[in-house]
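# An overview of the molecular structure
Okay, here's what each chain looks like letter by letter:
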Amino acid sequence: MSAILLYKQSWGTNLVGHAREEVVASVTEQAAHGSNFAYVNEKSLQLAEEIKRMSPAVEYLRFCSSGTEAIMYCERLARAFTCRSKVLKFEGAYHGANEIGVTSLFPKGLLDYPTPDPSSAGIEHSVKHHVLVAPYNDLSMTTEIVEQHRDDLAAVIVEPLHRCTPPMDGFLQGLRDLTKKHDVLLIFDEVVTGFRLAYGGAQEYYGVIPDLVGYGKALGGGYPIGVFGGCADIMSLVNEDLLGKDARYVWTASSLGCNTISASAALAALQIYRRTGTYQQLHHIGRYVRNKMKECLEKNDISGHVIGDGPLAQVLFTEKLVYNYREQKLQENAARRRAMMVGLFKRGVFLNPMGTKLYLSLKHTEEVCDQFVEIFDQTLQEIKENEKSTIRS
């Protein structure tokens, strides 16, 4: 089998790298003592204490098996706590395979805000009247929607770093101020940003604290895990002693939530993230790749931009820099994007086939990234030549 360069990293779960030695050792040791008890255990308690210590928003937390579940529970808690039914999300955002998570992920048409597009069969009945959609980085439009629906709006959910698009100055703090003003909860989906931008995730990196937060992916060191948490008064609604006594009680359950294998992997991963220099390394390698990719675009005279932050990068074939999904959709040269994906696959580079997003890990060195950059440059040259041939013909 030919060697391939991985820039998908299992959709970002392997931030420490594949089969990281410390994670393998921790998991192997635990496996001999039992893999799952479907109950609170020593490893899960150790992990809970560390998450609580590093996450400003978390006073109490619960474990589940994935980021999809974690965000689903955040949304359910928000609706229960506020006794309201609607949730506002940002167009193009992915919050897991739950119903809100895939709404307006890939809209079939550019609908008027805040109308949602299901983006999947089987969910229209549940999202049509309960999900609102706004453009990311547009605080003015978001404010207008929130104020119009504030009596029915339970929460605003946001990927602080929207896929690879950074927040504009003041946008996240603006959301925090807006939601507080109208007693609407703010949910941070930190499934991607958690442990990737900083040890304290987007909360530490951007200095904005939500009411609820969900984690997954990089937390598990390559193993399945999910966590959701927040302030005590909201999280108290999951306490089982409320069943039959409080109409706001929120049912939660997970057979494999924080099983001892995943917890052991997570504890090992967190030890790695806490090491001196970890985030300098991650941010350095991300900047390195983004700068090299920009140079390739300029060298080949191809219009485009390379966006991202931390160990994330994405190329957009647009004339102007874009700040949300709709701007990208209206401007991007989709043919070039597809040609780039096919060209990279053909040359042994594997990344997210649904986009041009690159996940980098602690195992990606400058030397490894240089191999990718060389292939990226070759692919751009091929695209340029093919476009010239098409024009000539």
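The notes below deal with the structure included here. (Residues numbered from 1 in each chain as written. Predicted model: local features only at pLDDT ≥ 70, side-chain atom pairs only at ≥ 80, totals over all residues. Heavy atoms only, no water.)

## A look at the overall build of the protein
Per the secondary structure count, the protein includes 15 helices and 12 strands. Taken over the C-alpha trace, the protein has a radius of gyration of 21 Å; the compact-globule value for 393 residues is 21 Å, and the two agree within 12%. With the C-alpha coordinates aligned to their principal axes, the bounding extent of the protein is approximately 75 × 55 × 35 Å. When burial is assessed residue by residue, the protein has 56% of its 393 residues classed as buried. Contacts spanning at least 24 positions in sequence make up 70% of the contacts within the protein whose residues lie at least 6 apart. (Helix = DSSP H or I, 4+ residues; strand = E, 2+ residues; numbered from the N terminus. Rg over C-alpha atoms; globule rule 2.2 N^0.38 Å. Buried < 20%, exposed > 50% of the residue type's maximum accessible area, 1.4 Å probe, protein only. Contact = heavy atoms within 4.5 Å.)

## Here's the deal with the pattern of salt bridges
All chains considered together, the criterion is met by 18 salt bridges. Glu-22 serves as the salt-bridge partner of Arg-275, at 3.1 Å between the closest nitrogen and oxygen. Linking Arg-275 in the loop between α11 (260-273) and α12 (278-299) with Glu-22 in helix α2 (residues 21-31), this pair joins segments that are 253 residues apart in sequence. On the basis of relative accessible area, Arg-275 is assigned to the partly exposed category, the value being 41%. (Salt bridge = Lys/Arg side-chain N within 4 Å of Asp/Glu carboxyl O.)

## Re the packing of helix α14 (residues 334-346) against helix α15 (residues 366-392)
Between α14 and α15, whose axes approach to 9 Å, the crossing angle comes to 130°. One way to sum up the angle between α14 and α15 is to call them oblique. Note on packing geometry: the crossing formed by α14 with α15 is right-handed. Contacts from Arg-336, Ala-339, Met-340, Gly-343, Leu-344 and Lys-346 of α14 reach α15 at Phe-372, Ile-375, Phe-376, Thr-379, Glu-382, Ile-383, Lys-384 and Glu-387. (Axes fitted to C-alpha atoms, helices over the stretch in contact; angles between N-to-C directions. Parallel < 35°, antiparallel > 145°, perpendicular 65-115°, else oblique. Left-handed = near helix turned anticlockwise from the far one by under 90°.)

## Regarding the nonpolar core
The nonpolar side chains of a soluble globular protein tend to be buried with one another. Formed by 52 residues in total, the largest nonpolar core has its most connected members in Leu-47, Ile-51, Leu-88, Phe-90, Phe-195, Leu-219 and Tyr-273. The element that contributes the greatest number of residues to this core is α11, accounting for 10 residues. Within the second largest apolar cluster, 27 residues are counted, among which are Tyr-73, Val-102, Ile-123 and Ile-157. (Core = buried A, V, L, I, M, F, W, Y, C linked by side-chain atoms within 4.5 Å.)

## A word on α11
With 14 residues, α11 extends 20 Å from end C-alpha to end C-alpha; this agrees with the ideal 20 Å at 1.5 Å per step. Counting buried positions over the 14 residues of α11 gives 13, a clear majority of the element. Its side-chain oxygen 3.1 Å from the backbone nitrogen of Ile-261, Asn-259 forms the N-cap of α11. (Expected span 1.5 Å × (residues − 1). Polar contact = N/O pair within 3.5 Å; in protein donor to acceptor, adjacent residues only side chain to side chain.)

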